[in-house]
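Given next are the chains, with one letter for each unit.
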Amino acid sequence: NIIVISFKDIPAAVMNVSPNPVINELNIDYRTSLKGEITIEVYDLIGQSVINPIKLKVQAGENNILLNVGEYPRGIYVMRIKQSSIASIKRFVKK
């Protein structure tokens, strides 16, 4: 027997950040197959949250988000974007 699986109905998301390293504004390119709300979280390398979670509405397709990180201390951070059952994670360096 052959089972055909369609991936078109499986939610997916891709996130890229630039510039990396960053000085003031981090550009987040977030592509998703779902329309709805996302939550952005930023953590330092010991796992402590450095901002209150940010909730935003996005459209299916490409979304561009600017995050001001000018007040962050220099270091390496982990950003997580959650949407429904999807989580995208990227590291970035603050100069």
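Placed above this text is the structure.
Below is a short write-up of the structure. Computed from a prediction, not measured in an experiment: that's the story for all the values here. (Residues numbered from 1 in each chain as written. Predicted model: local features only at pLDDT ≥ 70, side-chain atom pairs only at ≥ 80, totals over all residues. Heavy atoms only, no water.)

### Notes on the overall build of the protein
Inference 1: Of regular secondary structure, the protein possesses zero helices and seven strands.
Inference 2: Beginning at the N terminus, the succession of helices and strands in the protein can be written as β-β-β-β-β-β-β.
Inference 3: The buried share of the protein, taken over its 95 residues, is 33%.
Inference 4: In the protein, the proportion of contacts linking residues at least 24 apart, taken out of those at least 6 apart, comes to 56%.
Inference 5: Accessible area for the protein stands at about 6400 Å²; split by element, carbon and sulfur atoms hold 52% of it. (Helix = DSSP H or I, 4+ residues; strand = E, 2+ residues; numbered from the N terminus. Buried < 20%, exposed > 50% of the residue type's maximum accessible area, 1.4 Å probe, protein only. Contact = heavy atoms within 4.5 Å. Areas by Shrake-Rupley, 256 points an atom, 1.4 Å probe, with all protein chains shown as cover.)

### Remarks on a nonpolar patch on the surface
Inference 1: Together, Leu45, Ile76 and Val93 make up a nonpolar patch on the protein surface, roughly 230 Å² of accessible area in all.
Inference 2: The residue Ile76 is located in strand β6 (residues 75–83) in this model. (Patch = residues over 30% accessible without salt bridge, like charges linked within 9 Å, V, L, I, M, F, W, Y side chains within 5 Å. Salt bridge = Lys/Arg side-chain N within 4 Å of Asp/Glu carboxyl O.)

### A look at the nonpolar core
Inference 1: Residues Ile28, Val42, Leu67, Tyr72, Met79 and Phe92 are the most contacted members of the largest nonpolar core, which totals 19 residues.
Inference 2: Contributions of two or more residues to this core are made by β1 (13–18), β2 (25–32), β3 (36–44), β5 (61–68) and β6. (Core = buried A, V, L, I, M, F, W, Y, C linked by side-chain atoms within 4.5 Å.)

### Concerning unusual backbone geometry
Inference 1: Between Ser18 and the following residue, Pro19, the backbone shows a cis peptide bond with an omega angle of -15 degrees.
Inference 2: Of the consecutive residues Asn20 and Pro21, the connecting peptide bond is found in the cis state with omega at 15 degrees.
Inference 3: Not every positive phi belongs to a glycine, and Ser84 is a case in point at roughly 55 degrees.
Inference 4: Summarising the element assignment, Ser84 is placed in the loop between β6 and β7 (86–94).

### Topic: the sheet that holds β7
Inference 1: Taken in spatial order, the four strands of this open sheet run β4-β3-β6-β7, and their pairing is antiparallel. The sheet is open, and its two borders are formed by β4 (54–58) and β7, each paired with just one other strand. Averaged over all neighbouring strand pairs, the angle between strand axes comes to 25 degrees, with direction disregarded.
Inference 2: In this structure, β3 lies alongside β6, joined through six bridges in antiparallel fashion. Its bridge partner lying in β6, Val42 is registered against Met79. (Pairing = 2+ DSSP bridges. Axes fitted to C-alpha atoms, helices over the stretch in contact; angles between N-to-C directions.)

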